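Structural features, examined
Now for the letters of each chain:
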Number of protein chains: 2
Amino acid sequence: MSTIKDIAKAAGVSITTVSRALNGYSDVSIKTKQRIHDIAKELEYSPNALARSLVMKKTKTIGLLVSGLNRSGSKDHIVMDVLTGIHEYCGEYEYDIVLFSTSTSRQGEKTYTQLCRERRVDGVIVQGIKKDDPYLIEILNSDIPCVLVDVPAEGEKVGFVTTDNVEGAMKAIDHLVSLGHDKIAMVNGHDQAFVSQERLKGFKLGLENLEKTFHPRLVVNGDYDEAISEEKAFQLLQHHPEITAVFCASDLMAFGVMRAARRHGLRVPEDLSIVGYDDIALASYVSPPLTTIAQDTFEMGYAAARLLVGILEETEVERICMVDNELKIRETTIKQAKIKK
Amino acid sequence: MSTIKDIAKAAGVSITTVSRALNGYSDVSIKTKQRIHDIAKELEYSPNALARSLVMKKTKTIGLLVSGLNRSGSKDHIVMDVLTGIHEYCGEYEYDIVLFSTSTSRQGEKTYTQLCRERRVDGVIVQGIKKDDPYLIEILNSDIPCVLVDVPAEGEKVGFVTTDNVEGAMKAIDHLVSLGHDKIAMVNGHDQAFVSQERLKGFKLGLENLEKTFHPRLVVNGDYDEAISEEKAFQLLQHHPEITAVFCASDLMAFGVMRAARRHGLRVPEDLSIVGYDDIALASYVSPPLTTIAQDTFEMGYAAARLLVGILEETEVERICMVDNELKIRETTIKQAKIKK
DNA sequence: TTGAAAGCGCTAACAC
DNA sequence: GTGTTAGCGCTTTCAA
């Protein structure tokens, strides 16, 4: 593989001149510049990004730390959408992405910080990692520029992107209440997740705003898992037959609730209205199609990359980025007419 | 950020010794080795992978070239599963993945080969790229070790992984014929795709083996698109009411066919049996759940990474890797009882 | 407009 | 066992 040295020799100039010519500096005579370019092409020259990065001290690379990338293969495509958004932005701004291979099994496992330092990534985007993960904390305390997805953190070189989960939950509640529902349950994820906390907050607030009482008894955690949600919802419906609607913190959990309803002989939506969260592809395919709060996950990825690059190039000041969400009314919610019990 | 030079100074030894100690060479006295490690820890030393790669001429990095990573957000998770498989293997063998940002929009776009050369990736995995893509051809002709997913190519440093698509299609046909179907149509993808060609081959072969005649008229291309398939299938069913079963080269296209059937007032599976291909998550959620040929896409990714690393480290000789597939019988196929027309 | 020289952080002969 | 030295391919002062 040829180097600028080879080009220099072939062109009869110094490597300095070649470097300058190739990088489009103006202080090279137009004709030597042309000659150098010709020779570079002829020699099939490719600049060595390693060497350049070594001296420039930046790599035009952003690291990606993702959890939940494992065989069990999530049915949702959220991780993928976010990745796609990041990829899109990076394509436009000539950053490449390095996806770290954080093997849990491998001994002598490296921390996220070490991974980032070794590869000298300019910054890192973190997704799907619990906010109390010690490695996460370490990286936040380091000087590595960092953008988190759905985990709140701010700092000189730290930002995050999320959607307004409080508002999203409120939209769901507004919708249900406007349909005449009164006894609304919630199947939340788990308390450690920021988004769960926010959605619960929105659930409460939504009820209060509409002068409905919030019943802690009607809230269960489904751990973002379909089967667990099914069980939890089954019990909930058993103990509280007065429930006419359920708001779920994820679509997958909503599917679990749909199953639980079916086991109780309840029809959806006639006997039980259900609202999900995320709007994954499945949501519109199941039957009946699921009413849900749609998040623009692609946009979240895109925004995360933009925010990170903004931090890196010191053009962006706002460290928080809120992406819109939207209520998608489909067929799992319907007017509550009958008086139950 | 500290370097081996700093450590050398602090330890009062030469940088060579530090390098050797840190890399676990045996020819360093146990006590200096220990001291060096202590100092390294104290100084929070991180090796600079760039510098090391520069001199070692390898980066422990594999490139990933993927098409179909864009906003429209594929409903299938195939790309993701393959990526996950690659990620898993890389985690075990300490390779990192760089996802190239191939912006189509950006001017002065670089070829895949250039991207790989600049980053000095050790090898590259290519997925979802058409086999006649000029950039793909360029990279195959280069000396960059390369593994393709579902595109056949072999060479000194080139291999590919795929599933047995001929066999997969035959399984589908066997299944349908065993249910008594005779007039079986096929909705294929498009002629440029290797897998399409293979599945068509399997379709023909499957019919011939069972002494059924192959009718070219009953094969249409749906371009792996749900809407297009719906249209094509709608017309097909109109012109050929004798059709009792349809084999589709993807699940998404099968959904299109289901829609088309519905528009014709045909019930699935009573009036029309349908078999898909891929077994995406949606397949088991739609109603009725789709009978399909399942591909282990995670395994494909894992195998692709293993093959590439095998080529890189010169341990693997077999340049082709076949991953299993499996017929998943669900509810869109049923015994053909009635005599149509 | 061009070149010489230093250095980014590391490894690897080759001495001692 | 340990150090000296010469690079890997590039950018960037500083001089000419």
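Residues numbered from 1 in each chain as written. Chains lettered and ligands numbered in written order. Predicted model: local features only at pLDDT ≥ 70, side-chain atom pairs only at ≥ 80, totals over all residues. Heavy atoms only, no water.

1. Remarks on the side chain of Q295 of chain B
All names here are of chain B. Within the secondary structure layout, Q295 lies in strand β10 (residues 291–295). Here D278 takes part through its side chain, which lies 3.0 Å from a polar atom of the side chain of Q295. Ignoring any residue separated from it by four or fewer positions in sequence, one finds Q295 in contact with T163, N165, R199, Y277, D278 and M300. (Helix = DSSP H or I, 4+ residues; strand = E, 2+ residues; numbered from the N terminus. Polar contact = N/O pair within 3.5 Å; in protein donor to acceptor, adjacent residues only side chain to side chain. Contact = heavy atoms within 4.5 Å.)

2. Digging into unusual backbone geometry
It is generally the case that most residues other than glycine have a negative phi and that most peptide bonds are trans. A cis geometry characterises the amide bond from S287 of chain A onward to P288 of chain A, with omega recorded as -5 degrees. Here P288 of chain A lies in the loop between β9 (273–278) and β10 (291–295). Cis geometry marks the peptide bond from V268 of chain B to P269 of chain B, where omega comes out at 10 degrees. One can find P269 of chain B in the loop between α11 (251–263) and β9 (273–278). In this structure, E211 of chain A is a non-glycine residue whose phi angle is positive, near 60 degrees. Take E211 of chain A: it is sitting in the loop between α9 (194–209) and β7 (219–221). Residue E211 of chain A is classed as exposed on the basis of its relative accessible area of 74%. Non-glycine residue K57 of chain B carries a positive phi angle of around 60 degrees. Mapped onto the elements of the fold, K57 of chain B is located in the loop between α4 (49–56) and β1 (61–66). (Buried < 20%, exposed > 50% of the residue type's maximum accessible area, 1.4 Å probe, protein only.)

3. Quick notes on the UniProt feature "domain: HTH lacI-type" (unreviewed entry) in chain A
Within the UniProt annotation, "domain: HTH lacI-type" (unreviewed entry) is assigned to residues 2–56 of chain A. As annotated, residues 2–56 of chain A has a helix share of 67% and a strand share of 0%, and its two end C-alpha atoms lie 21 Å apart. (UniProt positions renumbered as here; feature names shortened; annotations may be inferred.)

4. A word on the protein's contact with DNA strand C
Looking at DNA strand C, there are 27 residues lining it, with S14 and T17 of chain A together with I4, S19 and Y45 of chain B nearest. In this structure, a sugar or linking oxygen belonging to DNA strand C sits 3.0 Å away from a side-chain N or O atom of K57 of chain A. Of all the secondary-structure elements, those providing two or more residues to the surface near DNA strand C are α2 (15–22) and α4 (49–56) of chain A together with α2 (15–22) and α4 of chain B. Top element by residues in the surface near DNA strand C is α4 of chain B. It accounts for 4 residues. Classifying every residue of the surface near DNA strand C gives 12 nonpolar, 11 polar and 4 charged. (Near = heavy atom within 4 Å. Nonpolar A, V, L, I, M, F, W, Y, C, P; charged D, E, K, R; others polar.)

5. Description of the UniProt feature "domain: HTH cro/C1-type" (unreviewed entry) in chain A
According to UniProt, the feature "domain: HTH cro/C1-type" (unreviewed entry) maps to residues 3–50 of chain A in the numbering used here. Summarising residues 3–50 of chain A: 65% helix, 0% strand, and an end-to-end C-alpha distance of 13 Å.

6. Focus on the sheet that holds β9 of chain A
Residue and element names in this part refer to chain A. The strand order across the open sheet built from 6 strands is β7-β6-β8-β9-β10-β12, with neighbouring strands paired in mixed fashion. The open sheet has two free edges, formed respectively by β7 and β12 (325–328), since each of these has just one partner strand. Within the sheet, the average angular offset between the axes of one strand and its neighbour, ignoring direction, is 15 degrees. The pairing of β9 with β10 spans 4 bridges and is parallel. Bridge pairing in β10 links V275 to T291. Across the sheet, helix α11 (residues 251–263) touches β6 (184–188), β8 (245–248), β9 and β10, and the angle it forms with β9 is around 155 degrees. (Pairing = 2+ DSSP bridges. Axes fitted to C-alpha atoms, helices over the stretch in contact; angles between N-to-C directions.)

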